[in-house]
Amino acid sequence: MEGETSSFETSEMVAAFLASTPLLSESWSLCCRATTTQTFAVSRAGDVSYVAFSGVQAVDVLDPGCGNLVAVDGGVFPGLLRHGEAEEKAEEPVMVHSGMLHLFHSMFKYTDFESQMFEIMKESKSVVFTGHSIGGTIASLSTLWFLSYLQSISSPLNVLCITFGSPLLSNESLSKSILQERWGGHFWHVVAKHDIVPSLLLAPLSPLTPQLHALLQYWHLSMTSPQLPVTGQDFYSLAQRAALKQDVAVQLPDEEKNRLFLFVLACVEASAKAGRSGGSSFFWPFGNYVFCTNEGAVCVDDGVAVVKLMHLMLATGNASSSIEDHLKYEDYVGKVSMQFLKRRGFVEGECFESSYEAGVTLALQSSEIASHEPVSGPARDCLRTAIRMGRAPNLNSANLAIALSKITPLRAQIEWYKASCDQSDDQMGYYDTFKLRGASKRDAKVNMNRIKLAQFWDGLIRMLETNQLPHDFLKREKWVNASQFYKLLVEPLDIADYYRLRGMHRDKGHYLTHGRERRYEIFDRWWRNRKVGEEENTTRSRYASLTQDSCFWARVEEAREWIENVRSESDTRKLAMLWENIDKFEQYARKIVERKEVSRDVLAENSSYSLWLKELSELKSQLQQFPPRFPRFFEGEIVP
């Protein structure tokens, strides 16, 4: 396991790089400027453009009344909509904070933000979006919009989002979508050790509305008061700080602050223990989190570990520090830059079994939790889990690749079976031969291979859905292509088995509605969402080796039943519907045959499709003998 670098360790290295550059300090400096504008500010440093959003907005979106989660707009965020369409019932839509989304749309619609971004694209090689507090969520939404746009035009522009004390923005589906798009590395959320704001939305805030209003007023006044400098090392003088504290104390006495703190702390602890977000209606972190202390920083990119560290960090503070830390990011930015560059040592004589344990200890030192006995143990466990969780998905993916190579012979035997069926003298083809199979060893072997392949792919899907594989696994070309080939090769056998003799369709209904396995629906989505290169040519000069519609034979079976029903149906309206269905399928089948998107077995003389065409031709011939009964048929219309 040690040979594999985890995403936790990678994020630590990237954060060290960020701290060694002016990115953090430049971002924070522009955040302070943006606060005075209450909209956004733009600055350039060489080839890098910074876009900062104010942490003070006209609408208090942290107000409990603005805190509902709503689905994202596909017109603005097309990349996210593709993953949030909920194509299957188990899928949860991508949702974001309604108030923050409204602020973003207002800025997008009523300012020159969009035009400025297009100008920046022409002049810059890199763009950094940044923001403090609520401005951080607007920076995140702007980054998502910009990444979606750049993806649509295949732009190589580098994009980074750095937020300071940003509240949560979205549900867990957004986190999954970002990881699937491989955008996780674009988002870096800097969180002060005791800052309560990043944790606020893990709690239902309606019971604490008065306290929250007073708190928001205090933060806004602290950030915008003209008497207060917005830059420089002395962020607030003692006299000014005392005046502000006295003002907020009137509206929010210590006991109320403590009540708010303990309530949020308890809710964050409950979320940390639950381990997941709990559904589409709950807020959840995304991207990389940099937890800053006086001793350095800890970087985590796993949502579960982020929430656990939020709880453990908050638990070492108190009501006052949780409020004040939201205003101390200038201090933390300076310290973290120094501490990341400073070589850290261990106590003399202290030995570690591995570099893994040394890394955990370094991270624990940086968190300043090591000295807090009640939480140091859980914190160490959390960091160990973060490292293991970072490594395990890549190892599982490698093991799956080995397992795939081992089942390749099973697939090859089915391919051989198809080739032999297509060349057989009975001219039935692959599908019908398996549907009418007997008790031969060959047929039994193919059926067993079909079952074993299904077990492999179902196991892979379970691993993916339980976060045991990399989040971008379903975007990897190797697995998208392998799943598509498996589906095209094997699903016709599943359909044949479903309709075999007096098959399951008699009791359950037709395959497409009642019998199709969920794995095939998932593979359909993977294939649709794949990135298609401009050079991909869909024009064929010869018939496909495998029919490109894996459900083609299920459609044939339904069409055969429609013809049976036409022969016995006397209700004119039902007859009209049957003929309409028959005509639609006939046109569809003719089109894919003309485009050569079917395998030759579809056109075999005794295949179910060829027999269906003969039945349809015979039925139409019979109908021509009864013109008085079917006058509309002879006028060129489809239905009698």
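Figured I'd write up the structure that's included with this text. (Residues numbered from 1 in each chain as written. Predicted model: local features only at pLDDT ≥ 70, side-chain atom pairs only at ≥ 80, totals over all residues. Heavy atoms only, no water.)

1. Some points on helix α6 (residues 134–153)
How we decide: Numbered from the N terminus, helices here are DSSP runs of H or I no shorter than four residues, and strands are runs of E no shorter than two. Multiply 1.5 Å by the residue count of a helix minus one, and that product is the helix's expected span. Only protein chains enter the accessibility calculation, which uses a 1.4 Å probe; a residue whose area is less than 20% of its type maximum is buried, one above 50% is exposed, and one in between is partly exposed.
A rise of 1.5 Å per residue sets the reference length of α6, with its 20 residues, at 28 Å; its end C-alpha atoms lie 29 Å apart and thus fit the reference within 8%. By the criterion of burial, α6 is predominantly enclosed, with 16 of the 20 residues buried.

2. Description of the packing of helix α23 (residues 552–568) against helix α24 (residues 572–594)
Worth spelling out the cut-off: The convention used is that axes are lines fitted to C-alpha atoms, helices contributing only their stretch in contact, and that angles between N-to-C directions extend from 0 to 180 degrees. Rotating anticlockwise by less than a right angle from the far helix to the near helix defines a left-handed crossing, while the corresponding clockwise rotation defines a right-handed one. Throughout, a contact is declared for two residues whenever any of their heavy atoms are within 4.5 Å.
Interaxial distance between α23 and α24 falls to 10 Å at its minimum, and their mutual angle equals 145 degrees. Note on packing geometry: the crossing formed by α23 with α24 is left-handed. Across the interface between the two elements, Phe552, Arg555, Val556, Ala559, Trp562, Ile563, Asn565 and Val566 of α23 pack against Leu575, Leu578, Trp579, Asn581, Ile582, Phe585, Tyr588, Ala589 and Ile592 of α24.

3. Things to note about the nonpolar core
The tendency in soluble globular proteins is for nonpolar side chains to be buried side by side. Threshold: What makes a nonpolar core is a set of buried Ala, Val, Leu, Ile, Met, Phe, Trp, Tyr and Cys residues whose side-chain atoms join them at distances within 4.5 Å.
If you look at the biggest cluster of nonpolar residues, it comprises 114 residues, and the most contacted ones within it are Phe113, Phe129 and Trp219. The residues touching Phe129, leaving out its near neighbours within four places in the chain, are Val51, Phe53, Phe113, Met117, Ala139, Ser142, Thr143, Phe146, Val159, Leu160, Cys161 and Ile162. Core analysis: the next-biggest nonpolar cluster, separate from the first, contains 63 residues, Tyr431, Val490, Ile592 and Leu616 among them.

4. Structural notes on the packing of aromatic side chains
Rules: For Phe, Tyr and Trp, rings pair up if their centres lie within 6.5 Å, where Trp contributes its six-membered ring, and each pair is then called stacked (planes under 30 degrees apart), edge-to-face (over 60) or tilted (otherwise).
Under the counting rule described, the total for this entry stands at 36 aromatic pairs. Each ring, one from Tyr417 and one from Phe434, has its centre 6.3 Å from the other, and the planes form 85 degrees; the classification is edge-to-face. Placement of Tyr417 in helix α16 (residues 373–422) and of Phe434 in helix α17 (residues 429–435) is noted, with a sequence separation of 17 residues between them. Centroid distance Trp457 to Tyr486: 5.5 Å. Interplanar angle 25 degrees. Geometry classified as stacked.

5. Points about unusual backbone geometry
A positive phi angle, near 60 degrees, is found at Ser133, a position not held by glycine. Here Ser133 falls in the buried class, since its relative accessible area comes to 5%. The phi angle at Arg182 is positive, at roughly 65 degrees, despite the residue not being glycine.

6. Points about the side chain of Asn171
Put simply, the test is: Here a polar contact is taken to be a pair of N or O atoms separated by no more than 3.5 Å, where protein atoms must pair a possible hydrogen donor with a possible acceptor and residues adjacent in sequence count only if both atoms sit in side chains.
Relative to the helices and strands, Asn171 resides in the loop between β6 (158–164) and α7 (172–180). A distance of 2.9 Å separates a polar atom in the side chain of Asn171 from the backbone oxygen of Pro93. Of the polar contacts made by the side chain of Asn171, one reaches the backbone nitrogen of Met95; its length is 3.1 Å.

7. Regarding the sheet that holds strand β9 (residues 296–300)
Test applied: Here, a strand pair is defined by DSSP locating no fewer than two bridges between the strands.
Judged by pairing direction, the sheet is mixed, and its seven strands sit side by side in the order β1-β2-β5-β6-β7-β8-β9 without closing on themselves. In this open sheet, the two strands that pair with only one neighbour each are β1 (40–45) and β9. For this sheet, the mean angle separating the axes of adjacent strands, direction not counted, is 20 degrees. In this structure, strand β5 (residues 126–132) lies alongside β6, joined through seven bridges in parallel fashion. Across the sheet, Val128 pairs through a bridge with Leu160, a residue of β6. Strands in contact with helix α2 (residues 23–37) are β1, β2 (48–53), β5, β6 and β7 (187–192); relative to β2, the strand with the most contacts, it is inclined by about 45 degrees. Contacts between α6 and the sheet are confined to β2, β5, β6 and β7, with β5 contributing the most and set at about 155 degrees to the helix.

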